[in-house]
Each structure stands twice: as structure tokens, then as C-alpha cells.
Amino acid sequence: MAARILDGRALAARLHETMRAEVVSLVRSGVTPGIGLVRVGEDPASVVYVRTKAKASADLGIHSEVHVVDPRAGQGAVESLLDQLNANPDVHGILLQLPLPEGYSADRLLARMDPGKDVDGLHPVNVGRLCLGLPGFVPCTPLGVLVLLEESGYRPRGNLVAVVGRSALVGRPLANLLSLRGEHGDATVLLCHTQTRRLGELLRQADIVVAAAGRAGTVTGAMLKPGVVVVDVGMNRVADPSSPGGTRLVGDVDFASASEVAEAITPVPGGVGPMTVAMLMRNTITAAKSAARG
Ligand code: NAP
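Because the structure is a prediction, the values reported are computed rather than measured.

Draft legend 1. Geometry of the overall build of the chain. Looking only at helices and strands, one finds ten helices and eleven strands in the chain. Dimensions of the chain, computed from the C-alpha atoms along their principal axes, are close to 50 × 40 × 35 Å. Out of the 294 residues in the chain, the part that is buried amounts to 49%. Contacts in the chain between residues at least 24 apart in sequence constitute 69% of all its contacts with a sequence separation of at least 6. Carbon and sulfur atoms make up 54% of the accessible area of the chain, which totals about 13,700 Å². Of note, the chain has its 29 positive side-chain charges centred 2 Å away from the centre of its 28 negative side-chain charges.

Draft legend 2. Seen up close, the sheet that holds strand β4 (residues 93-96). The three strands lie next to each other as β3-β2-β4, forming an open sheet whose pairing is parallel. Unpaired on one side and paired on the other, β3 (63-69) and β4 mark the two borders of the sheet. When the angles between neighbouring strand axes are averaged without regard to direction, this sheet yields 15 degrees. With four bridges connecting them, strand β2 (residues 34-40) and β4 associate as parallel partners. Bridge pairing in β4 places Leu-37 opposite Leu-95.

Draft legend 3. The arrangement of the site of the ligand in detail. Around the ligand, the structure places 21 residues, and the nearest of them are Arg-166, Ser-167, Thr-194, Met-235 and Thr-276. At 2.5 Å, a side-chain N or O of Ser-167 approaches an oxygen atom of the ligand. Note that a nitrogen atom of the ligand is positioned 3.4 Å from one of the backbone N or O atoms of Val-233. Expressed as a share of its isolated accessible area of 930 Å², the protein-covered part of the ligand is 73%.

Draft legend 4. Here's a closer look at the nonpolar core. Among the nonpolar cores identified, the biggest contains 52 residues, and Leu-15, Val-145, Val-210, Met-275 and Met-279 are the most heavily contacted of them. For this core, the leading source of residues is helix α10 (residues 272-292), giving ten residues. With residues near it in sequence (within four places) discarded, Val-210 still touches Val-145, Val-161, Ala-162, Val-163, Val-164, Leu-174, Val-231 and Val-233. Residues Ala-162, Leu-199, Leu-224 and Val-253 belong to the second largest nonpolar core, which totals 18 residues.

Draft legend 5. Looking closely at the pattern of salt bridges. By the definition in use, this model includes 13 salt bridges. When the shortest N-O distance is used, the salt bridge between Asp-83 and Arg-112 registers 2.8 Å. Pair noted here: Asp-83 is in helix α3 (residues 75-87) and Arg-112 is in helix α4 (residues 106-112), with a separation of 29 residues, a long-range link. Judged by its relative accessible area of 32%, Asp-83 is partly exposed. We note a salt bridge from Asp-186 to Arg-157, for which the minimum N-O separation is 2.9 Å. Remark: Arg-157 occurs in the loop between α6 (140-151) and β5 (160-164) and Asp-186 occurs in the loop between α7 (171-179) and β6 (188-192); sequence separation between them is 29 residues. Judged by relative accessible area, Asp-186 falls into the partly exposed class, the value being 27%. With a relative accessible area of 45%, Arg-157 lands in the partly exposed category. In the salt-bridge network here, residues are joined through shared partners; they are Glu-79, Asp-83, Arg-108 and Arg-112.

Draft legend 6. Fine view of the environment of Leu-95. Structurally, the position occupied by Leu-95 is in strand β4. Residue classification places Leu-95 among the buried positions, given a relative accessible area of 3%. Residues in contact with Leu-95, not counting those within four places in the same chain, are Ile-35, Gly-36, Leu-37, Val-38, Lys-53, Asp-120 and Leu-280.

Draft legend 7. Structural detail: the environment of Asp-240. Position of Asp-240 relative to the elements: it lies in the loop between β9 (236-239) and β10 (247-250). A relative accessible area of 13% places Asp-240 in the buried class. Not counting the four nearest positions on each side in its chain, Asp-240 is found in contact with Gly-246, Thr-247 and Arg-248. For Asp-240, the side chain forms a polar contact with the side chain of Arg-248, separated by 3.1 Å.

Draft legend 8. The sheet that holds strand β7 (residues 208-211), seen in detail. Taken together, the six strands give an open sheet; going across it, the order is β1-β11-β8-β7-β5-β6, and neighbouring strands pair in parallel fashion. In this open sheet, the two edge strands, each paired with only one partner strand, are β1 (4-5) and β6. Judged from the four bridges that link them, β5 and β7 form a sheet pairing that is parallel. Within β7, the position partnered with Ala-162 by the bridge is Val-209. Across the face of the sheet, α7 comes into contact with β5, β6 and β7 while running at roughly 165 degrees to β6.

Conventions and cut-offs
Residues numbered from 1 in each chain as written. Predicted model: local features only at pLDDT ≥ 70, side-chain atom pairs only at ≥ 80, totals over all residues. Heavy atoms only, no water. Helix = DSSP H or I, 4+ residues; strand = E, 2+ residues; numbered from the N terminus. Buried < 20%, exposed > 50% of the residue type's maximum accessible area, 1.4 Å probe, protein only. Contact = heavy atoms within 4.5 Å. Areas by Shrake-Rupley, 256 points an atom, 1.4 Å probe, with all protein chains shown as cover. Lys, Arg positive; Asp, Glu negative; His and termini not counted. Charge placed at Lys NZ, Arg CZ, Asp CG, Glu CD. Pairing = 2+ DSSP bridges. Axes fitted to C-alpha atoms, helices over the stretch in contact; angles between N-to-C directions. Near = heavy atom within 4 Å. Polar contact = N/O pair within 3.5 Å; in protein donor to acceptor, adjacent residues only side chain to side chain. Core = buried A, V, L, I, M, F, W, Y, C linked by side-chain atoms within 4.5 Å. Salt bridge = Lys/Arg side-chain N within 4 Å of Asp/Glu carboxyl O.

Dropping the structure here:
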């Protein structure tokens, strides 16, 4: 039986409608939400991601400034730029696009941001608050996964959720959020990585599987329990001579075999990606509201 498709693009578009109205009301009260998007170098994927985020901001009436730093400028140049953005009252949120070129310390740069403007939730203060279950900015991709599941009628509560991938950006914060006490968490979490033995055996027990491994074909239908809900975070470019550019974008899940077994599954593209952008917009509006309150 073909699985239900969890359409992140359509959900993100609906969320954008609500957020557009929120921005209008903020602007009327004298605050235009603003985001500083920082890209170091010309990594092709980063160029596309920053462009997409700037476009979404424009679409919602959020002011965005894109800052592109020459990779030869060095860590100090990015630190100075972050200091300026921290001090700029028109910028409520800052996003440092990752990964950074070799020689840059993402950890040091993320820690340099004002945690109140860290709309991707990667500053150590926000990471700590998330682990403790305290309010703070939550990383956009894990938040997008949770919102997509909940809005599609799949509550993690009480379920066994397997997360494949333990990065600080996706897997670990997602596992933390899912395991927190409360209505958005209360799941039992299996956090899997490259040292996990018998991955398929473990995944076959899960009610929900989230793949964030960054490798095409990591999860196949044979590794899944019938009726499982599958969220594919992965974005991998693979060779495809039949595509115009000779490549195409796929997730970490083998969609054909998984959709035969799953009750519901996200597509790639059009699943988690648009939700990530929507959550960045949501976090920026939250930051602007908090600035408006002083
Ligand atoms: P990452 O930093 O490379 O982390 C990958 C994680 O997956 C690591 O923890 C790694 O384990 C684990 N892993 C890799 N291969 C595995 C395997 N065969 N079995 C089990 N675990 C495996 O990647 P990331 O930044 O989290 O991103 C993951 C994917 O999501 C990428 O494709 C990325 O492009 C995509 N992504 C999408 C969005 C979106 O908006 N849709 C946002 C962010 C990222 P070890 O720790 O043992 O190495």
C-alpha cells in the first residue's frame, strides 16, 4: 500500500500565511522583524540555502541582510561582523550558514552571537536551555520535524522514535526534544549513529523513524516496521544522467521501498526542507516580538 505523503511544502505555506499576518501587526506596532544571514565562502549548497532564506524573509515582510564574507578574510572578520549584527537593533535574528570553510571555528563563532538573536538555536546557552527543557531558541530543523509530525496528526508521546544521526544540528537536539517531559515530547528515543550495531533490527521496532545521516540509502524498507511514520531529513545529491544537471536530490531513506511499508513518509525535496525555513522565520518573529516588548 502506498504511504501517505507528509507534504512539508504545503504545511510551510500555510504557516507562512499566519506568520505574514503576525509580521503585519508587528510592523504596525513599529517593529519590522529583521534577520542577518551570514555566509562565508561560496559553498554551492550554502549559496542556495541562504538565497532561499532571504526569499522567504522577503515573502513574509521580514527585513533580511545577506552578508557574504570572503573565506580569506579569516575568523576575526566574521567575529567583527557578528559583533556588529549583535549591536544592530534592526537585526533581531542572526543565522550563520554552516558548514564553514576549513580553518574556521564554528563553535567559537556560534558562541560569539547574542543568544537572544541566535534564531538557529546553536549558541551554547540555547543548547543548554533545550537540554534542561527551558525556553530558548530551538534549532530550526528539529523543530520543523516536530511541527510536521504534530500537524500531520502523529504525536511522539509514548512512541518509540528512532533518530538516525547524532549531529549537534539535527539528531542530538531532536532526540533531546523528543525525550523531554511534556506534550511535544514524552517519546522513548533510540539515537543511532555509525557505531550502532544491528541498525535494521533496532529501526524495525520503532513507531517513528527520523533519518538524518547525510547518506543516501541509509534506511530501506526492509529496516522498517509496517505502519511506521518516516521523516527523511537527509539532502544528498546523487548522480542521475536522466536529470538535466546530471544529478538529483535524494534523502537518506530509500523512498521506493520505504513507502511500501510506511503509513506516512516525507518526500525529498518538499518535506523537512521547507519546514526548516518556516521555523527560521518563526524564530525570527519570536525574537522581534521579544525586542518589541523591550
Ligand atoms: P552530519 O553532521 O554529517 O551528521 C550525520 C550523522 O549521521 C552522524 O552522527 C553520523 O554518525 C550519522 N550517520 C552517518 N551515516 C550513518 C549510517 N550509515 N548509519 C547510522 N548513522 C549514520 O550531518 P547533519 O548536519 O546532521 O545532516 C544530516 C543530513 O540532513 C544531511 O544530508 C544534511 O544535508 C541534511 N540536512 C537537512 C536539513 C533540511 O532542512 N532538510 C537541515 C540540516 C541538515 P557518527 O556521529 O557516528 O559519525
